[in-house]
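Close look at the chain arrangement
Each chain is listed here by its residues.
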Amino acid sequence: MTQKTTQENTGDTPISPPRFKKPQRGRVNRRVIPGFGLTMGFTLTYLTLLVLIPISAVFIRTPGMGWEEFWKAVTGPQVISAYKVTFGTSALAALTNAFFGFIVAWVLTRYQFPGKKVVDALVDLPFALPTAVAGIALTALYAPNGWLGQFLYPLGLETAYSTTGIFIALTFIGLPFVVRTLQPVLEDFDHEVEEAGATLGAGRLRIFFTIILPALIPAMLTGFSLAFARAIGEYGSVIFISGNRPMKTEIVPLVIVKYLENYEYPKATAVACVMLVASFVLLLVVNILQRWTESIGQARH
């Protein structure tokens, strides 16, 4: 009687497992923010009008010259000299900014000192300052009768109206690119990794070269490329301090402007095309180097 009652209470029918609905196949809307089609269309239209069409105009106008005329325009003695001055001083200024920009970013992120916000704001001054104003200010400082030039010229240091003056101007306008690229990386760097290296017996130099520096190389390459790309196209701050002497202190943007002033538009577009291709190659090489360094960093971890 007890067994029968127990069977009645528990029930003889087996309990079926819960059934889950099978996921329906079809398109799944994975967009978090709606309006992708509209915003993507606006983005492509905006970039086409402001970037793609102006750049394409340079390549479209150049083939009408003919190969021989194009080659003469981009390999003339004056243009070759401008290439050497522009790319040489730009590369040197970018390398200098990569070194000193790292020091500035390190100080701003690792230390607390009075006037830190003022120093941090001064880094952005070349961004806000018009390039012509920067050129006039630098010329007033480094000219033979300038505040600093009057002490430098008696020592044999020619600053203004020389390639040294161009280097100073390009260093001035390129420093913020390196500092602002390195700052976020240094701020987000995990200090526990440094502490772990110290507990394992590594010295400060070894921690820097094996832990900190490899993590900063991609950002440093980015800052270098931005400073270099900005320098090769700089015009306003350079023309005042360079002296614009043909075959000595002329830069490529000035050569293009001279061609335009003389109504030699095909030559101007030819030289501009060379500069445009050089910029593309630079960005391509830098992107390859960044991916390479990032892959090395991931392999180490």
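Structural notes, computed from the coordinates. Within each chain, residues carry numbers counting from 1 in the order of the written sequence. Whole-chain, interface and lining totals are the exception, using all residues; otherwise, since this is a predicted model, local features are given only for residues with pLDDT of at least 70 and side-chain atom pairs are given and counted only at 80 or more. For the side-chain quantities, the full set of heavy atoms in the structure was used; hydrogens and water were omitted.

1. Let's talk about helix H3 (residues 67-74)
As a reminder of what qualifies: Three exposure classes are used, based on accessible area relative to the maximum for each residue type with a 1.4 Å probe and protein chains only: buried under 20%, partly exposed in between, and exposed over 50%. In this text, helices come from DSSP runs of H or I with a minimum length of four residues, and strands from runs of E with a minimum of two, each type numbered from the N-terminal end. Here, the arc refers to the directions that run from the helix axis to the C-beta atoms.
What H3 keeps buried is the set Phe70, Ala73 and Val74. Along the axis of H3, the buried positions cluster into a sector of 85°, meaning they face one direction only. Away from the buried face of H3 by more than 90 degrees, exposed residues Glu68 and Lys72 are located.

2. Examining the packing of helix H10 (residues 191-199) against helix H11 (residues 204-232)
The angle between the axes and the distance between the axes are what describe a pair of packed helices. Spelled out, the test is: Only the stretch in contact is used when fitting a helix axis, every axis being a line fitted to C-alpha atoms; angles between N-to-C directions are given from 0 to 180 degrees. Here is the rule for handedness: rotate from the far helix to the near one, and if that takes an anticlockwise turn smaller than a right angle the crossing is left-handed, while a clockwise turn gives right-handed. Two residues form a contact once any of their heavy atoms are found within 4.5 Å. Residue type decides the class: Asp, Glu, Lys and Arg count as charged, Ala, Val, Leu, Ile, Met, Phe, Trp, Tyr, Cys and Pro as nonpolar, and the leftover types, Gly among them, as polar.
Look at H10 against H11: their axes get within 10 Å of each other, and the N-to-C directions meet at 140°. Between H10 and H11 lies a crossing of right-handed hand. For the pair H10 and H11, the contacting residues are Val193, Glu194, Gly197 and Ala198 in the first and Ile207, Ile211 and Ile212 in the second. Grouping the constituent residues of the contact of H10 with H11 by class yields 5 nonpolar, 1 polar and 1 charged.

3. Focus on a nonpolar patch on the surface
Worth spelling out the cut-off: Here a patch means residues that are over 30% exposed by relative accessible area and free of salt bridges, tied together within 9 Å if like-charged and within 5 Å if nonpolar (Val, Leu, Ile, Met, Phe, Trp, Tyr). For the area figures, the Shrake-Rupley method with a 1.4 Å probe applies, and any residue is considered shielded solely by the protein chains shown. Salt bridge, as used here: a side-chain nitrogen of Lys or Arg that lies within 4 Å of a carboxyl oxygen of Asp or Glu.
Judged by side-chain polarity, Phe59, Val277, Phe280, Val281, Leu283, Val285, Leu289 and Trp292 come together as a nonpolar surface patch covering roughly 700 Å² of accessible area. Here the element with the most residues in the nonpolar patch is helix H14 (residues 265-300); it accounts for 7 residues. With respect to the helices, strands and loops of the structure, Leu289 is situated in helix H14.

4. Some points on the layout of surface pockets
Here is the rule: Only protein atoms enter the 1 Å grid used here. Points where a 1.4 Å probe fits but cannot escape make up a cavity, open sets with protein on both sides within 12 Å along at least five of seven lines make up a pocket, and a residue lines them when an atom lies within 4 Å of a point. Grid points are joined across faces, edges and corners, and a volume is the space filled by probe spheres set on the points.
For the second largest pocket, the calculated volume is near 220 Å³. Of all elements in the fold, only helix H4 (77-110), H10 and H11 reach the threshold of two or more residues within the lining of the second largest pocket. Per-element accounting of the lining of the second largest pocket gives the leading share, 4 residues, to H11. The residue inventory of the lining of the second largest pocket, partitioned by class, reads 6 nonpolar, no polar and 3 charged.

5. What about helix H9 (residues 163-188)?
The cut-off we apply is this: Here a helix's expected span is defined as the number of its residues, less one, multiplied by 1.5 Å. Bend, at a single residue, is the angle you get between axes fitted to the 7 residues ending at that residue and the 7 residues starting at it.
An ideal rise of 1.5 Å per residue puts 38 Å on 26 residues; H9 measures up with 38 Å between its terminal C-alpha atoms. Approximately 35° is the largest bend angle found in H9, and it occurs at Gly174, with the proline Pro176 only one to four residues beyond.

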